[in-house]
Amino acid sequence: MELPAQILGFPLKKGEPIDAKGLPFFFSTLFSIVEGSLGETECLFVMPRGEVKLTPLLKAVERLQSDFLKPCVVASDQLSLYQIQRLTEERIAWVASAERFFVPFLGLAVMSSMKKHRPKTRILSPQAQRVAGRILDQSWAGKSTSDVAALMEKSLPSVSNYFAEISARSPEVFVIEGRTRRISPLSAAQQREVWDKLKEALASPCLDRFYVKRPKEAGALGELCCARAGLTALSSLTMLGDDPWPTYAMYGSDALDRLEAAGVVRVDEGDGPDALIELWSHDVETVDGFVRDVPLFLSLRDRKGEDPRLDEALEVLERRIGL
């Protein structure tokens, strides 16, 4: 995108590309990175090439700000609402236009035209995303509201609300039989169409990730109500190799208490962790001890672009789901 000439009277000036020696190769392939200034503040403008990939973008900004000791400004008119939300939460400056920007190091935030650009959908609630995953993999095809309520151990009004969230985006996934609403079976073409309608409303179920070590007497982490997730689960389905440590997913307000009670402690990646733990926003449903395919894909899709082998494995997973 072309940078606006100014923001609220502060000029934006773009300089020369940075010296990328010593930086990961994907930085230069995914982003154009140039020196510049916003007002009197020197900064780096990070401009994604093509589709914006959030996870490598966050990694690039963190590394660049650490190496160059300058704030980064993500400049793109292709940022999704979710990406804008994540960048803002991380206090990372972004500019989408002269009217839409967030520059915390100048104390500026103007979102006046956000409504004009806001998509019709917002992120589904965690439990609605759980239902959407089952709709997309068709494991709950034909199930009624009461069937799903029993399977989820939720009330009928709650499940009706989950159905309503999804129906607002893709009404064809439900059929009405008298007073009963059921999840409709989908053809391959319908499945892809539903995915196109829902994908922007589906977020990663992973709220947090951290490395842990456990004392020998704590036993296997799998005994602490964990399910194999992340690269561990993906490597079981594809030719992708796993990390040196397994990844597990957990859910529940007592998840951290369960780990602490077993003597499990947080460590840094360089401390030889025993596992990587993911805390999820909804129940972790499994098949043979592994998280289900759709939430697995959602937990990893933001890492597209990091590694060609990972991209290939994610494509295999997409085909397996039918997306």
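Residues numbered from 1 in each chain as written. Predicted model: local features only at pLDDT ≥ 70, side-chain atom pairs only at ≥ 80, totals over all residues. Heavy atoms only, no water.

### Some thoughts on the side chain of serine 170
Step number 1: With respect to the helices, strands and loops of the structure, serine 170 is situated in the loop between helix H7 (156–167) and strand E9 (174–177).
Step number 2: A residue is classified by how much of its surface remains accessible, and serine 170, at 0% relative accessible area, is buried.
Step number 3: Of note is the side chain of serine 170, whose polar atom sits 3.0 Å from the side chain of glutamate 172.
Step number 4: Beyond its immediate sequence surroundings of up to four residues, serine 170 is in contact with Val194, Lys197 and Leu198. (Helix = DSSP H or I, 4+ residues; strand = E, 2+ residues; numbered from the N terminus. Buried < 20%, exposed > 50% of the residue type's maximum accessible area, 1.4 Å probe, protein only. Polar contact = N/O pair within 3.5 Å; in protein donor to acceptor, adjacent residues only side chain to side chain. Contact = heavy atoms within 4.5 Å.)

### Let's talk about the pattern of salt bridges
Step number 1: If you walk through the whole model with that rule in mind, you get 19 salt bridges.
Step number 2: The shortest N-O distance in the salt bridge between aspartate 67 and arginine 63 comes to 2.8 Å. Residue aspartate 67 and its partner arginine 63 are both found in helix H2 (residues 54–68); the two are separated by four residues, about one turn of the helix.
Step number 3: The exposure class assigned to arginine 63 is partly exposed, which follows from its relative accessible area of 30%.
Step number 4: Measuring nitrogen to oxygen at the nearest pair gives 2.7 Å for the salt bridge that ties aspartate 254 to arginine 258.
Step number 5: Several salt bridges converge on common partners, so that one network encompasses Arg130, Arg134, Asp283 and Glu285. (Salt bridge = Lys/Arg side-chain N within 4 Å of Asp/Glu carboxyl O.)

### A word on the environment of valine 159
Step number 1: Examined against the element boundaries, valine 159 turns out to sit in helix H7.
Step number 2: Overall, the relative accessible area of 0% leaves valine 159 in the buried class.
Step number 3: Beyond its immediate sequence surroundings of up to four residues, valine 159 is in contact with Thr145, Val148, Ala149, Met152 and Lys154.

### Observations regarding the side chain of glutamate 285
Step number 1: Inspection of the secondary structure puts glutamate 285 in the loop between strand E15 (275–280) and strand E16 (286–287).
Step number 2: Look at glutamate 285 and you get buried, because its relative accessible area is 15%.
Step number 3: There is a polar contact of 2.9 Å between the side chain of glutamate 285 and the side chain of arginine 130.
Step number 4: Not counting the four nearest positions on each side in its chain, glutamate 285 is found in contact with Arg130, Arg134, Trp140, Phe290, Val291 and Arg292.

### Some words on the packing of aromatic side chains
Step number 1: If you walk through the whole model with that rule in mind, you get four aromatic pairs.
Step number 2: When the centroid spacing of 5.3 Å and the interplanar angle of 85 degrees are considered together, the rings of tyrosine 211 and tryptophan 245 count as edge-to-face. Separated by 34 residues along the polypeptide, tyrosine 211 in strand E11 (residues 206–213) and tryptophan 245 in the loop between helix H9 (230–237) and strand E13 (247–250) bring together distant segments of the chain. Side by side, tyrosine 211 and tryptophan 245 carry an identical accessibility label, which is buried.
Step number 3: Arginine 181 extends its terminal NZ or CZ atom over the ring of phenylalanine 174, reaching a point 5.4 Å from the ring centre.
Step number 4: Arginine 228 extends its terminal NZ or CZ atom over the ring of phenylalanine 290, reaching a point 4.0 Å from the ring centre. (Phe/Tyr/Trp six-rings, centres within 6.5 Å; stacked < 30°, edge-to-face > 60°. Lys NZ or Arg CZ within 6 Å of the ring centre and 35° of its normal.)

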